[in-house]
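# Topology and contacts: notes
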Amino acid sequence: QKPTRNVGALRAAMLTGSYEGDRRNGRMEGHGTYTFPSGTIYKGEFLDGEFHGEGTLEYTGCGKYIATWDHGKVVTGKYVFADGLAYTDPSEGEWEYCQPDGDRRFYRELVEGLRPAGDSQLTNDHPPKKIPVGTYDTGDGYFNEADGKVYDYDGNELRAPNHEEELWIKSKCRMG
């Protein structure tokens, strides 16, 4: 009898998602699109039910990971943020975006140009998301100092930041 392989977390998650694309012998094989239960989408090539060849993982609202895969494992890859800014791995050179002694504009301003006078860009999203007065914009929502919690922009509770995160939020984030 053939020994079984440990399918791991990726394969286990793949059992509960949805797939549209080519199949061979009932398995995902060829080109297709796989949607994970989390909403993350993989578009690319499959072989024997695994990512294999060229493919992209798209993370909802965050960015995408463009990679070459070999039987479910990354061979080479590159992360690109939702606004189009490509991440530079330290092994590939100096990260040029947003350096203390360099250009401090938002990436969107670099691509689309500076906004007219009086129309300041406070966040990478323009206009910035609205937050309640007296709260801090955390990027994924807002921090309410009164109850010590972070909420998404729709008002749903996300988390209670630890002391270090709270200090960082108060020193770095814009206040509504």
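For the structure, check the block above.
Computed from a prediction, not measured in an experiment: that's the story for all the values here.

So, about the side chain of Asp137. As for its placement among the helices and strands, Asp137 is situated in strand S7 (residues 136–137). A polar contact is formed between the side chain of Asp137 and the side chain of Tyr153, at a distance of 2.5 Å.

Turning next to the sheet that holds strand S5 (residues 63–70). With antiparallel pairing, six strands are arranged side by side in an open sheet as S1-S2-S3-S4-S5-S6. Looking at the sheet topology across the chains shown, the edges are occupied by strand S1 (18–24) and strand S6 (73–81). Here the strands of the sheet are splayed against their neighbours by 10° on average, with no regard to which way each runs. Relative to S6, S5 is paired through eight bridges, and the arrangement is antiparallel.

Next up on the list: the packing of aromatic side chains. Counted under the stated rule, the structure contains twelve aromatic pairs. Taking the centre distance of 5.0 Å and the plane angle of 75° together, the rings of Tyr34 and Phe36 count as edge-to-face. Note on Tyr34: relative accessible area 1%, which makes it buried. On the accessibility criterion, Phe36 (10% relative accessible area) is buried. With 5.8 Å between their ring centres and 75° between their planes, Phe46 and Phe51 make a pair best called edge-to-face. Using a relative accessible area of 4% as the deciding quantity, one classes Phe46 as buried. Taken together, the aromatic side chains of Tyr19, Tyr34, Phe36, Tyr42, Phe46, Phe51 and Trp69 make up a single cluster linked through ring pairs. A cation over an aromatic ring shows up here: Lys129 above the ring of Tyr153, its NZ or CZ 5.6 Å from the ring centre.

Attention now moves to the sheet that holds strand S10 (residues 157–159). Strands sit in the order S7-S8-S9-S10 across an open sheet of four strands; the sheet is antiparallel. The strands lining the two open edges of the sheet, one partner per strand, are S7 and S10. Pairing between strand S9 (residues 149–151) and S10: two bridges, direction antiparallel. Looking at the pairing, Tyr151 lines up with Glu157 of S10. The strands that helix H3 (residues 163–172) touches are S7, strand S8 (142–144), S9 and S10; relative to S8, the one it contacts most, it runs at about 110°.

Take the environment of Cys62 next. Mapping Cys62 onto the fold places it in the loop between strand S4 (50–59) and S5. Residue Cys62 is classed as partly exposed on the basis of its relative accessible area of 43%. C-alpha of Cys62 to C-alpha of Thr40: the two residues are 22 residues apart in sequence and 9.9 Å apart in space. Apart from the residues lying within four places of it in its own chain, the contact partners of Cys62 are Tyr79, Phe81 and Ala82.

Procedures and definitions
- Residues numbered from 1 in each chain as written.
- Predicted model: local features only at pLDDT ≥ 70, side-chain atom pairs only at ≥ 80, totals over all residues.
- Heavy atoms only, no water.
- Helix = DSSP H or I, 4+ residues; strand = E, 2+ residues; numbered from the N terminus.
- Polar contact = N/O pair within 3.5 Å; in protein donor to acceptor, adjacent residues only side chain to side chain.
- Pairing = 2+ DSSP bridges.
- Axes fitted to C-alpha atoms, helices over the stretch in contact; angles between N-to-C directions.
- Phe/Tyr/Trp six-rings, centres within 6.5 Å; stacked < 30°, edge-to-face > 60°.
- Buried < 20%, exposed > 50% of the residue type's maximum accessible area, 1.4 Å probe, protein only.
- Lys NZ or Arg CZ within 6 Å of the ring centre and 35° of its normal.
- Contact = heavy atoms within 4.5 Å.

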